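Overview (structure and organization)
Here are the chains, one letter per residue:
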Amino acid sequence: MDWQIPLSDIDFGQEEEEAVQSILQSKWLTMGEVSRSFEEEFAEYNQVKHAIAVANGTAALHLACVAIGLKPGDEVILPALTFVATANAIRYTGATPVFADIESQSDLNISPEAIEGLINDKTKAIMVMHYGGYACDMKRIMEIAKRHNLFVIEDAAHAPGSVLDKKKLGTIGDIGCFSFFSNKNLITGEGGMAVTDNDEFASRIVTLRSHGMTTLTWDRHKGHAWSYDVVDLGFNYRIDEIRASIGKVQLKKLDTNNAIRQELTRLYHRLLRELTPTVTVPFIDHPGKSSCHILPILLPEEINRNEFMDHMKGNGIQTSIHYPPIYQFKAYKDLPINSKYQLPITENIASREVTLPLYPTQTKQQVKYVVNAVRKGLTN
Ligand SMILES: *Cc1c(COP(=O)(O)O)cnc(C)c1O
């Protein structure tokens, strides 16, 4: 489908092309010094001690879960209004995801009160997800975690560059996980990063990323090492030099592109309030600075969402839904624990949410066009 206004679009230019070409010319494609340099720059940008680049955001989440020692029988509290990978990463370790309701229709993030209500002897960790790059209530969540001796993993896939109380999101909990998938704010195609200030978690993640081996092919190529031991049951979750080289260029553009997203979001919010007062717009005046990853709206109860999205499609505008609650998916419904789920706020919002186009190469004119189409879609 050739959308007039797609849901998201990529800001790639000559710099990315040149970066990739230089890797091809160097003939070293697998993880090496460019990946190392991307990690250093990402750590510096986030003001965090360690950044470990991996194959994708899901791998970062999985390694975070392994690093904190999750095992069968453990429980991890997380929102259901997130991408399925957030919960899958927990299940890969044999631990059980326990879904908590979200705050409200103005804050689609996990509710600290709901978290507290679910804590028991088996609870080992809280996995937050900063929806759209808007910060969870980290002050309260970290306080709860401390009181109950729980780890906190941040799924910061939406949130590179987001800030709360002078700290980058992803650096407040024990481990933060980023994704560089093609529709995110910083794009390498597939790619991800785990960040942490904890030396032990970092060294475990580094080892687990590459088969649990003590040296890399790169180290042996450089003559730094001849052999290796295998000290842990690891994975192949490495990034490669091509993706890392794109990541380095994209990281340089991140603040500028996030600023454009923020400006477009302000325009959306103003126009939606003026022209579509029956639509609920979450995260207006939300604490902190958001990466403005996506633009969610909540339709009035009486509007049929499928018809509305069809109407938008008829106007050449791609929309999406973030997200169907995870426990409603077939692969989750069959888990015994899930028969009991009823998260009223999550279910209400998940049934009304529509995501509008938002990307750094979008024009103000296009934002106006989208909001006008929303207005017409409500009166049809
Ligand atoms: C994209 C995304 C992921 C997964 O990242 P991949 O790089 O696609 O594996 C995890 N959680 C959330 C909230 C995401 O949006």
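Look a little higher up for the structure.
These lines cover the structure that appears in this document, whether it is placed above or below. None of the values given here were measured: they were computed from a predicted structure.

A word on the overall build of the protein
Counting its regular elements, the protein contains 13 helices and eleven strands. The C-alpha radius of gyration of the protein comes to 21 Å, within 12% of the 21 Å expected for a compact globule of 380 residues. With respect to the principal axes defined by its C-alpha atoms, the protein has extents near 70 × 55 × 40 Å. Relative to its 380 residues, the protein shows a buried fraction of 57%. The long-range share in the protein, meaning contacts at least 24 apart out of those at least 6 apart in sequence, stands at 73%. Roughly 16900 Å² of accessible area belongs to the protein as shown, and the carbon and sulfur atoms make up 50% of that amount. Taking the average location of the 39 positive side-chain charges in the protein and that of its 46 negative ones, the two points are 1 Å from each other.

Observations regarding the packing of aromatic side chains
Counted under the stated rule, the structure contains 13 aromatic pairs. Relative to Phe 201, the ring of Phe 151 has its centre 5.8 Å away and its plane inclined at 75 degrees; by these criteria the two rings are edge-to-face. Of this pair, Phe 151 sits in strand S5 (residues 151–155) while Phe 201 sits in helix H7 (residues 199–209); the two residues are 50 residues apart in sequence, bridging distant segments of the chain. By relative accessible area, which is 9% here, Phe 201 ends up buried. By the ring-pair criterion, three or more aromatic residues cluster together here, those being Phe 83, Tyr 131, Tyr 134, Phe 283 and Tyr 323. Its end group placed over the ring of Tyr 45, Lys 168 keeps NZ or CZ at 4.0 Å from the ring centre.

Points about the site of the ligand
Gly 57, Thr 58, Asp 155, Ser 179 and Lys 184 are the nearest of the 17 residues found near the ligand. The separation between an oxygen atom of the ligand and a polar main-chain atom of Gly 57 is 2.7 Å. Between an oxygen atom of the ligand and a side-chain N or O atom of His 158, the distance comes to 3.1 Å. Taking 380 Å² as the accessible area of the ligand by itself, protein coverage stands at 92%. Mapped onto the shell around the ligand, the elements with two or more residues apiece are helix H3 (57–67) and helix H4 (84–92). The element best represented in the shell around the ligand is H3, accounting for three residues. Each residue belonging to the shell around the ligand can be placed in one class, and the counts come to seven nonpolar, eight polar and two charged.

A few points about the packing of helix H10 (residues 305–314) against helix H13 (residues 364–379)
Direction vectors running N to C along H10 and H13 enclose 135 degrees, while the axes themselves pass 10 Å from each other. Comparing their axes, H13 and H10 come out oblique. Of the two elements, H10 crosses H13, and the hand of that crossing is right-handed. Contact residues: Phe 308, His 311 and Met 312 in H10; Val 370, Ala 373, Val 374, Lys 376, Gly 377 and Leu 378 in H13.

Let's talk about the nonpolar core
Counting 80 residues, the largest nonpolar core has Phe 42, Phe 99, Ile 126, Ile 175 and Met 193 as the members making the most contacts within it. Counting residues per element, this core draws most heavily on H3, which supplies eight residues. If you look at the next biggest cluster of nonpolar residues, it comprises 38 residues, including Cys 292, Ile 349, Tyr 359 and Val 367.

Some remarks on the sheet that holds S5
One open sheet holds the seven strands; their spatial order is S1-S9-S8-S5-S4-S2-S3, and the pairing between them is mixed. Looking at strand neighbours, the two that pair on one side only are strand S1 (50–54) and strand S3 (96–100), the edges of this open sheet. Across the sheet, the axes of successive neighbouring strands diverge by a mean angle of 20 degrees, strand direction being ignored. Of the strand pairs in this sheet, S5 and strand S8 (residues 175–179) are connected by three bridges, and their pairing is parallel. The residue of S8 that forms the bridge with Ile 153 is Ile 175. Relative to the sheet, helix H2 (residues 33–46) contacts S1, S8 and strand S9 (192–196), its axis offset from that of S1 by approximately 135 degrees. Strands in contact with H3 are S1, strand S4 (123–129), S5, S8 and S9; relative to S8, the strand with the most contacts, it is inclined by about 165 degrees.

Re the packing of H3 against H7
At their nearest, the axes of H3 and H7 sit 9 Å apart, and the two run at 125 degrees to each other. Relative to H7, H3 is oriented oblique. Judged by the sense of rotation from one axis to the other, the crossing of H3 with H7 is right-handed. Here Leu 63, Val 66 and Ala 67 of H3 come into contact with H7, specifically with Phe 201, Arg 204, Ile 205, Leu 208 and Arg 209.

Some remarks on the pairing of S5
Counting buried positions along S5 yields four of five residues, so the element is predominantly enclosed. In this sheet, S5 lies alongside S4 in parallel orientation, the contact comprising five bridges. By the bridge assignment for S5, Met 127 is matched with Ile 153. The β-α-β motif built from S4, the intervening helix H6 (residues 138–148) and the parallel element S5 has right-handed crossover chirality.

Regarding the side chain of Ser 291
Looking at the secondary structure, you find Ser 291 in the loop between helix H9 (241–275) and strand S10 (295–298). When its relative accessible area of 0% is taken as the criterion, Ser 291 is described as buried. Those residues within four positions of Ser 291 in sequence are excluded, and the remaining contacts are Gly 132, Gly 133, His 158, Ala 159, Pro 160, Ser 162, Asn 185, Asn 258 and Arg 261.

A short note on the state of the cysteines
With the rule as written, the count across this model stands at zero disulfides. Unpaired in this structure, Cys 65 has its nearest cysteine sulfur neighbour in Cys 177, at a distance of 7.6 Å. Here Cys 65 falls in the buried class, since its relative accessible area comes to 0%.

Definitions and limits used
Residues numbered from 1 in each chain as written. Predicted model: local features only at pLDDT ≥ 70, side-chain atom pairs only at ≥ 80, totals over all residues. Heavy atoms only, no water. Helix = DSSP H or I, 4+ residues; strand = E, 2+ residues; numbered from the N terminus. Rg over C-alpha atoms; globule rule 2.2 N^0.38 Å. Buried < 20%, exposed > 50% of the residue type's maximum accessible area, 1.4 Å probe, protein only. Contact = heavy atoms within 4.5 Å. Areas by Shrake-Rupley, 256 points an atom, 1.4 Å probe, with all protein chains shown as cover. Lys, Arg positive; Asp, Glu negative; His and termini not counted. Charge placed at Lys NZ, Arg CZ, Asp CG, Glu CD. Phe/Tyr/Trp six-rings, centres within 6.5 Å; stacked < 30°, edge-to-face > 60°. Lys NZ or Arg CZ within 6 Å of the ring centre and 35° of its normal. Near = heavy atom within 4 Å. Polar contact = N/O pair within 3.5 Å; in protein donor to acceptor, adjacent residues only side chain to side chain. Nonpolar A, V, L, I, M, F, W, Y, C, P; charged D, E, K, R; others polar. Axes fitted to C-alpha atoms, helices over the stretch in contact; angles between N-to-C directions. Parallel < 35°, antiparallel > 145°, perpendicular 65-115°, else oblique. Left-handed = near helix turned anticlockwise from the far one by under 90°. Core = buried A, V, L, I, M, F, W, Y, C linked by side-chain atoms within 4.5 Å. Pairing = 2+ DSSP bridges. Right-handed = clockwise from strand over helix to strand, strands pointing away. Disulfide = S-S within 2.5 Å.

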